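Examination of the molecular architecture
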Amino acid sequence: STWQQTGRLQCRALDVESNRTFLKGDLFQLDDVIEAQQFDREILSAIFEVAREMETIEKKSRGSQILKGYLMATLFYEPSTRTRLSFESAMKRLGGEVLTTENAREFSSAAKGETLEDTIRTVEGYTDIIVMRHFESGAARRAAMTANIPVINAGDGPGQHPTQALLDVYTIEREIGRLDGIKVGLVGDLANGRTVRSLAYLLAKYNGVKIYFVSPEVVKMKDDIKEYLTSKGVKWEESANLKEVASKCDVVYQTRIQRERFGERIDLYDEARGKYIVDRNILSAMQKHAVITLEVDGDPRAAYFRQAKNGLFIRMALLKLLLLGW
Amino acid sequence: STWQQTGRLQCRALDVESNRTFLKGDLFQLDDVIEAQQFDREILSAIFEVAREMETIEKKSRGSQILKGYLMATLFYEPSTRTRLSFESAMKRLGGEVLTTENAREFSSAAKGETLEDTIRTVEGYTDIIVMRHFESGAARRAAMTANIPVINAGDGPGQHPTQALLDVYTIEREIGRLDGIKVGLVGDLANGRTVRSLAYLLAKYNGVKIYFVSPEVVKMKDDIKEYLTSKGVKWEESANLKEVASKCDVVYQTRIQRERFGERIDLYDEARGKYIVDRNILSAMQKHAVITLEVDGDPRAAYFRQAKNGLFIRMALLKLLLLGW
Amino acid sequence: STWQQTGRLQCRALDVESNRTFLKGDLFQLDDVIEAQQFDREILSAIFEVAREMETIEKKSRGSQILKGYLMATLFYEPSTRTRLSFESAMKRLGGEVLTTENAREFSSAAKGETLEDTIRTVEGYTDIIVMRHFESGAARRAAMTANIPVINAGDGPGQHPTQALLDVYTIEREIGRLDGIKVGLVGDLANGRTVRSLAYLLAKYNGVKIYFVSPEVVKMKDDIKEYLTSKGVKWEESANLKEVASKCDVVYQTRIQRERFGERIDLYDEARGKYIVDRNILSAMQKHAVITLEVDGDPRAAYFRQAKNGLFIRMALLKLLLLGW
């Protein structure tokens, strides 16, 4: 992308040779975490290793102090309490400190007319790393281009939410034990969800992956991702039969089907909603029963809350890597 | 209650034998702090002892580090800045860290449809203890039933606010020097205030207590509490003459009389309001002059601001006990 | 002022003899930081020296721990994210802890009817220093009169914002290297900005200062400041020609010209706005090129973002001085 060619912010994925090992004390390859495309398989694997170390640290009574004296700003232009608390817990579990605002729009109030770039230049003077949530696609990249300190994208509107994508892949690896050769069902609204699109993108980095798309017609996975998968040699197929798909999958990743996507066609919504929910009936059809979904959280095989915890470990790992290196 | 019989959350009050001593290092008897009924006289007394130790710690320059490495989430579904700051100060005075949200409703926004239980399962992954404020009665109990970490109820709608009840009793003991045999005037709106109801409930645990209810007819203390007091052998009487009552009391606890409780009868409101305010005239009629009220704070005998500080000590004590034990 | 004669809060500026040195460990002369008038030239100079030490501390990896165990409350009655983050960063860079509320109005909600004084008495029980932002002029002084702990005014409505005034003077000294004998252009809306008024007031403490006022007729500097400058022997002149003024200045301090000040006269606004913006054309006319302004931040000579950082150092210095002394 043109972005990769401009300024200090680089996507290093292309530079990383396979089988490189990252030595303790080495610099982290990334200056910022802006989009899922920055990560190749080798970096992912090394990050996941650090995340596993973080699980051990977090279980220890009283956490770690490796980030003591470091200060993180959570600069949120819209509230996202779940994401914010996850990052803030990650920083504090490592001994770091946090400046919080969910009111960052106030910086750019009409009276002040301050640009995002102005705000970033001010906030970077107060802190060592910025975690930013914004309502505009591309905002995180602009922030990273401006800042001389690391920026982590905690979601920029309909754009990217890379730490979510990483934690999804990490959760699948933790639940299933591997990523090569897995069979994944992506279920629900596949057209609009940035997380399911990023997940498909990242899964393409692994060998022998098979993806099943299960969705109502109106919210089918878009062609760009399908073409990308095909170009990477990833097999995929579409199906309307969730139970049959589930019986072939190692893991089912379910996104919520939102009524507002169906407009006037409430009949289609009601039909779709009933069909594509992972319930106990579907679970019993699965072989390995790893499900990442909001809907069946009473079932111990549903990885949803373990997934939230995995998000903590991934964020601890990224904070450590961006501030201290490997 | 049925609640005592279900799940892991237990009200241990009934199990505690009298004259038991709590040894340093023993586990705290309670997993969570949900309602005033959890506390019997012996636990109250032991908690008050810890609160006294906290007074010493807090006065020391630079506080304590006994909760260093522990993380508390203040999960507020509605703002209550006073209560939140009190808990957060308590945690930080002991060296602990805090994750804050006054925006917890955002978790359960329509788009996400997340239940309180879902939120608790997520937040408990980020933290060691949850202090929750909610707008629905019973919410704290539901949270405690779900969480595997301690939950403190910081007020759940018209339900309970147990740390407030504890600090009221603690304040009376600190101001008067004892709880057995005290004479307490409860003044103002006795029908609607959860704090005055909890206070009456807790005072019943002490011997020889006498309670005077002074209130306008429309906001009289309800029969359930009166019957409870009678069943516990606590003497009480009702009076319309605040000055006469004050002359017999060790302490007067005054709640605000709110206009909206009187509906159309503004005349009754105006009459009631004028009658039941503890002013200097009333104070001079009292023997020991301990007043817990908002109205006479210019007077050194009014314990209101000392009461706020006592709330800090009680909360420090509870955080210490729930996280570290006795 | 009458304020200087009442209560414990004092403006010590008058007591300070020239050439006094402040020894390490001496008490700070001020109990609170409420208004720019509290600072004389000698204290300013000593504070700036501490601020320079803070620059060194802040650049050190992992900051300082000199305020470890101290707790600051940012009690904001209206949001001001920039100011709040600056203070909170200052406290945390020194190892201190923070309680935050941007929701302080909630204390005095109609239902509770609590006064500012009541709130301060409660909050001072939770913390060691209060940084307050309020919407009413004079609120900071009232808070300082009430509190037994230091209060810093972080802006009280149209009143004072003393830390902003200090950082402006500090920035000029850092950019130009001295304050005596400097020539300063104050440009833009000079009638309404409290910062430009405080700056003129503080500059009058230095020798041989020359001030140029450049503004549209409707928002000219008011007579009170002009008379004050004259009484202190400070030379000033008014001009409508920014370029000519710039060619004579060491530093230009520009405030935004706000449309709403012009009422119906949009024509005057449009004319004024075009005339009084420091652009590259103006910059090239200047000799030393130090500009404090929002408008030309792409230019390395614009001190705006260095100014934000200077604010951090000034606030670190004040927190240190108020809590620990010299």
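Here, residues in each chain are numbered from 1, in the same order as that chain's written sequence. Each chain takes a letter, starting from A, and each ligand takes a number, starting from 1, following the order in which they are written. Where local features are concerned, this predicted model is filtered to residues with pLDDT of at least 70; where side-chain atom pairs are given and counted, the filter is 80 or more; whole-chain, interface and lining totals use all residues. Hydrogens and water molecules were not included; the side-chain quantities draw on all heavy atoms of the structure.

Turning to the overall build of chain A, a few remarks are in order. Counting its secondary structure elements, chain A contains 12 helices and 9 strands. Put simply, chain A has 326 residues, and 60% of those count as buried. Two residues form a contact once any of their heavy atoms are found within 4.5 Å. Sequence separation of 24 or more characterises 71% of the internal contacts of chain A that already satisfy a separation of 6 or more. Here the accessible surface of atoms and residues is derived via Shrake-Rupley with a 1.4 Å probe, and residues count as covered only by protein chains that are part of the display. Accessible area for chain A stands at about 12,500 Å²; split by element, carbon and sulfur atoms hold 47% of it. Comment: elements are numbered from the N terminus, with helices defined as DSSP H or I runs of at least four residues and strands as E runs of at least two. Only protein chains enter the accessibility calculation, which uses a 1.4 Å probe; a residue whose area is less than 20% of its type maximum is buried, one above 50% is exposed, and one in between is partly exposed.

Next up on the list: the relation of the copies chain A and chain B. Relating the two copies of this chain is a rotation about some axis coupled with a shift parallel to it. Its rotation angle being 120°, the transformation that places chain A on chain B also includes 0.0 Å of axial translation and leaves an RMSD of 0.0 Å. Put plainly, the chains are arranged around a three-fold axis. Little of the interface of chain A is mirrored in chain B, where only 11% of its interface residues are also at the interface. Here the copies were fitted onto each other by least squares, based on C-alpha atoms from residues at pLDDT of at least 70 in both.

Moving on: the side chain of K205(B). Mapped onto the elements, K205(B) comes out in the loop between helix 7 (194-203) and strand 6 (210-214). Excluding residues within four positions of it along the chain, K205(B) makes contact with F39(B), D40(B), R41(B), L44(B) and Y228(B).

Salt bridges are identified by distance alone: a Lys or Arg side-chain nitrogen within 4 Å of an Asp or Glu carboxyl oxygen. Here the structure, examined in full by the defined rule, presents 70 salt bridges over all chains. Among the charged side chains, a salt-bridge network with shared partners connects E217(A), K220(A), D223(A), K226(A) and E238(A).

Listed per partner, the contact involves 26 residues of chain A and 27 residues of chain C. Summed over both partners, the accessible area (1.4 Å probe) lost when two parts come together is defined as the buried area. Roughly 2,200 Å² of surface becomes buried between chain A and chain C when both sides are summed, with 45% attributable to carbon and sulfur atoms. On the chain A side of the interface with chain C, the three residues burying the most area are K68(A), L99(A) and Y126(A), jointly 24% of the side's total. Between chain A and chain C we count 2 salt bridges in total.

With that settled, consider the environment of K243(B). Residue and element names in this part refer to chain B. Among the secondary structure elements, K243 is positioned in helix 9 (residues 242-246). Overall, K243 belongs to the partly exposed group, its relative accessible area being 40%. Through-space distance from the C-alpha of K243 to that of V219 is 19 Å; in sequence the pair is 24 residues apart.

Ordered by their spatial adjacency, 4 strands build an open sheet running 2-1-3-4 (chain B), and the pairing between neighbours is parallel. Edge positions in the open sheet fall to strand 2 (97-101) and strand 4 (151-156) of chain B, since each of these has one partner strand only. Between one strand and the next, the sheet's axes are offset by a mean angle of 15°, whatever the strand orientation. When DSSP locates at least two bridges between a pair of strands, those strands are taken to pair. In terms of strand pairing, strand 3 (residues 129-134) of chain B meets strand 4 of chain B through 4 bridges, oriented parallel. Counterpart to V131(B) in the pairing with strand 4 of chain B is I152(B). Helix axes are fitted only over the stretch in contact, all axes being lines through C-alpha atoms; the angle between N-to-C directions runs from 0 to 180 degrees. Of the strands in this sheet, strand 1 (71-76) and strand 2 of chain B are in contact with helix 3 (residues 81-93) of chain A, which crosses strand 2 of chain B at around 170°. Sheet strands touched by helix 5 (residues 139-146) of chain B: strand 3 and strand 4 of chain B. Its angle to strand 4 of chain B, the strand with the most contacts, is close to 165°.

Residue and element names in this part refer to chain B. At a closest axis distance of 9 Å, the pairing of helix 4 (residues 116-123) and helix 5 adopts a crossing angle of 50°. It follows that helix 4 is oblique to helix 5 by the angle criterion. Of the two elements, helix 4 crosses helix 5, and the hand of that crossing is right-handed. Contacts between helix 4 and helix 5 involve L116, E117, I120 and R121 from the first element and A139, R142, A143 and T146 from the second. The residue inventory of the contact of helix 4 with helix 5, partitioned by class, reads 4 nonpolar, 1 polar and 3 charged. Reported orientations rely on four angle classes, namely roughly parallel under 35 degrees, roughly antiparallel over 145, roughly perpendicular from 65 to 115, and oblique for the rest. The sense of a crossing depends on the near helix, which, turned anticlockwise from the far helix by less than a right angle, makes the crossing left-handed and, turned clockwise, makes it right-handed. Ten residues, namely Ala, Val, Leu, Ile, Met, Phe, Trp, Tyr, Cys and Pro, are considered nonpolar, four, namely Asp, Glu, Lys and Arg, are considered charged, and the remaining ones, Gly among them, are considered polar.

This paragraph deals with the interface of chain A and chain B. Chain A puts 27 residues into the contact, and the matching count from chain B is 26 residues. When the buried area of chain A at its contact with chain B is split by residue, R62(A), R82(A) and R93(A) rank highest and sum to 29% of it. A salt bridge links E97(B) to K92(A); its shortest N-O distance comes to 3.1 Å. Polar contacts, as used here, are pairs of N or O atoms within 3.5 Å; protein pairs need one atom able to donate a hydrogen and one able to accept it. Residues neighboring in sequence count only if both atoms are side-chain atoms. Counting every contact that joins chain A to chain B gives 8 residue pairs in polar contact (both at pLDDT 80 or more). Going through the elements one at a time, helix 3 and helix 12 (304-324) of chain A are the ones with two or more residues in the side of chain A that touches chain B. Ranked by residue count, the leading element in the side of chain A that touches chain B is helix 3 of chain A, at 9 residues. Taken together, the residues that form the side of chain A that touches chain B break down as 6 nonpolar, 8 polar and 13 charged.

What follows deals with the relation of the copies chain A and chain C. By a simple turn and slide, chain A fits onto chain C: the slide is 0.0 Å along the axis, the RMSD is 0.1 Å, and the turn is 120°. Little of the interface of chain A is mirrored in chain C, where only 12% of its interface residues are also at the interface.

Attention shifts here to the packing of aromatic side chains. Each Phe, Tyr or Trp ring (for Trp, its six-membered ring) is paired with any other whose centre lies within 6.5 Å, and the angle between the two planes then decides the class: stacked below 30 degrees, edge-to-face above 60, tilted in between. Evaluated as defined, the whole model comprises 18 aromatic pairs over all chains. Ring geometry for F48(A) against Y170(A): centres 5.2 Å apart, planes inclined by 50°, an arrangement best described as tilted. Of the two residues, F48(A) is situated in helix 2 (residues 41-59) and Y170(A) in helix 6 (residues 162-176); the sequence distance between them amounts to 122 residues. Residues F48(A) and Y170(A) agree in their burial class; the two are buried. Through successive ring pairs, a cluster of aromatic residues spans F22(A), F28(A) and W326(A). Seen from the ring of F135(A), R105(A) lies directly overhead, with NZ or CZ sitting 3.8 Å from the centre. By definition, being over a ring means that NZ of Lys or CZ of Arg is both within 6 Å of the ring centre and within 35 degrees of the ring normal. Above the face of the F87(C) ring, R315(C) is positioned so that its terminal group lies 4.9 Å from the ring centre.

Moving on, we come to the pairing of strand 8 (residues 251-254) of chain B. Residues in a regular strand project their side chains so that they alternate between the two faces of the sheet. Residues and elements named next belong to chain B. Burial along strand 8 is two-sided: V251 and Y253 facing one way and V252 and Q254 facing the other are all buried. The sheet contact formed by strand 5 (residues 183-187) and strand 8 spans 4 bridges and is parallel. Directly across from G185, in strand 8, lies its bridge partner V252.

Turning next to the environment of A165(A). Tracing the sequence through the fold places A165(A) in helix 6. Distance in space between the C-alpha atoms of A165(A) and H134(A) is 17 Å, their sequence separation being 31 residues.

All names here are of chain A. Averaged over every residue, the pLDDT of chain A is 83; the share at 70 or more is 79%. Every residue carries a pLDDT, the predictor's confidence in it, which falls somewhere between 0 and 100. This model gives residues 1-19 a pLDDT under 50, and the stretch forms 42 contacts once residues within four places in sequence are excluded. Across residues 294-301, confidence stays below pLDDT 50; counting only partners more than four residues off in sequence or on other chains, it has 23 contacts. Scored as a whole, the predicted complex attains pTM 0.87, and scored at its interfaces, ipTM 0.87.

Turning next to helix 5 of chain B. Of all the residues in helix 5 of chain B, the buried ones are A139(B), A140(B), A143(B), A144(B) and T146(B). Around the axis of helix 5 of chain B, the buried residues are gathered within 160° of arc, so they sit on the same side. The directions from the helix axis to the C-beta atoms form the arc being described.

An α-helix turns once every 3.6 residues. As a result, residues three or four positions apart point the same way. Residue and element names in this part refer to chain A. Restricting attention to buried positions, one finds in helix 8 (residues 223-231) the residues I225, K226 and L229. Along the axis of helix 8, the buried positions cluster into a sector of 100°, meaning they face one direction only. Residues D223, E227 and S231 are exposed on helix 8 and point more than 90 degrees away from its buried face. Contacts made by the buried residues of helix 8 are with helix 7 (194-203), strand 6 (210-214) and strand 7 (235-239).

Let us now look at the environment of L199(A). Looking at the secondary structure, you find L199(A) in helix 7. With near-sequence residues (within four places) excluded, L199(A) lies in contact with D168(A), V169(A), I172(A), L186(A) and Y253(A).

A word on the sheet that holds strand 2 (residues 97-101) of chain C. Residue and element names in this part refer to chain C. The 4 strands lie next to each other as 2-1-3-4, forming an open sheet whose pairing is parallel. Every interior strand has two partners, whereas the edge strands, strand 2 and strand 4 (151-156), have only one. Along the sheet, successive strands turn relative to each other by an average axial angle of 15°, direction set aside. Along the sheet, helix 3 (residues 81-93) contacts strand 1 (71-76), strand 2, strand 3 (129-134) and strand 4; its crossing angle with strand 1, the most-contacted strand, is approximately 175°.

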